Amino acid sequence: MNEVIFPENKEKAQQMSAYMKNLFPFAGVPAPERTALQKELLKKSKQFSYEELFELISYYYQKPEREYQYVAIDLATVNVKRLSFDEMLSFKPFVVEKAWWDSVDSWRKFFGLWGSYHFDEMPQLFDAFYGEEDFWHRRIAINLQLLYKEKTNTALLKKAIIYDKTTDEFFIQKAIGWALRQHSKIDPEWVKEMIATNTLSPLAVREGSKYLPKP
C-alpha cells in the first residue's frame with residue numbers, strides 16, 4: 001500500500017484551521033494537491049476487500065490532521081457502489097467522530113450516493129439516520145436526497161423536516177433550508193406548500209425560498 005503522507009505547510013495550515021474555527025489541526029494541503037497525492041491510493045483501494053477498506057479508512061480517520069479525514073471519506077466514496085447495505089452502514093459511526101459540517105456533508109454525499117444506486121433500500125437507509133439522538137445524523141436524514149432531483153421521496157423529506165422543524169440548532173435549520181431550496185428547483189409548488197402549512201424557522205424559510213418566484 002502506498003500510504004498518503006501530506007507535507008506540512010504551517011502558514012496554510014493556520015489559515016485552513018482558522019476557517020474551521022480552529023477545531024482541527026491541518027497539514028496545510030490545498031484540495032487539488034491532496035487529490036493528486038491520494039489518487040493512487042484511491043485507485044488501488046478498489047481492489048481491497050471490505051475488511052481491508054474499513055481498516056484503512058479507520059486508520060486515516062484517526063490521524064490528527066484534518067486532511068486525512070478527507071482521505072478516509074474519499075476512500076469510502078470511491079468504493080460506495082460495491083458495498084452491501086450492512087457494509088455501507090458500518091461507516092455511520094464515523095459521522096459523529098470529529099464531526100463538523102465539512103466531514104458530515106461529505107459523509108452525506110457517500111450515503112446519498114449509495115442510496116441512489118439502491119433506491120429500493122433507500123427508505124431503510126433514511127430510517128438509519130431519521131430521529132437519531134445526534135443532530136449530525138439527523139442532518140444527513142434531512143439532506144440525504146439532495147442529489148435525487150425528480151426521484152426525491154418527498155414523504156421522507158417531509159418527515160425529516162417536520163421532525164426537526166423546531167430544533168434550535170443552526171446546522172439543522174440550515175439543512176432544512178438547503179433541502180427545500182434544492183427541491184424547489186424541481187417542484188416549487190411542493191416547497192411553497194411546505195412553507196405555507198408548517199411553522200418553519202426564519203432561517204429555513206429564507207434559505208428554502210431563495211429560488212421561489214416572488215409574489
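Residues numbered from 1 in each chain as written. Predicted model: local features only at pLDDT ≥ 70, side-chain atom pairs only at ≥ 80, totals over all residues. Heavy atoms only, no water.

Q: Quick one: what's the story with the packing of aromatic side chains, residue by residue and with numbers?
A: This model, assessed by the stated rule, comprises 27 aromatic pairs. Plain terms: the ring middles of F54 and F94 are 5.7 Å apart, the flat faces sit at 45 degrees to each other, and that makes the pair tilted. Of this pair, F54 sits in helix α3 (residues 50-62) while F94 sits in the loop between α5 (85-89) and α6 (101-117), and the two are 40 residues apart along the sequence. Taking relative accessible area as the criterion, F54 reaches 26% and is therefore assigned partly exposed. A relative accessible area of 5% means that F94 is categorised as buried. (Phe/Tyr/Trp six-rings, centres within 6.5 Å; stacked < 30°, edge-to-face > 60°. Helix = DSSP H or I, 4+ residues; strand = E, 2+ residues; numbered from the N terminus. Buried < 20%, exposed > 50% of the residue type's maximum accessible area, 1.4 Å probe, protein only.)

Q: I'd like a rundown of the side chain of S201, residues and numbers included.
A: Relative to the helices and strands, S201 is located in the loop between α11 (188-197) and α12 (202-208). There is a polar contact of 3.0 Å between the side chain of S201 and the backbone nitrogen of A204. (Polar contact = N/O pair within 3.5 Å; in protein donor to acceptor, adjacent residues only side chain to side chain.)

Q: Tell me what's going on with unusual backbone geometry, and back it up with residues and numbers.
A: Phi is positive for N22, close to 55 degrees, though the residue is something other than glycine. Along the chain, N22 turns up in the loop between α1 (10-19) and α2 (31-45). The backbone of K98 shows a phi angle near 50 degrees, a positive value even though the residue is not glycine. Tracing the backbone shows K98 in the loop between α5 and α6. Look at K98 and you get partly exposed, because its relative accessible area is 27%.

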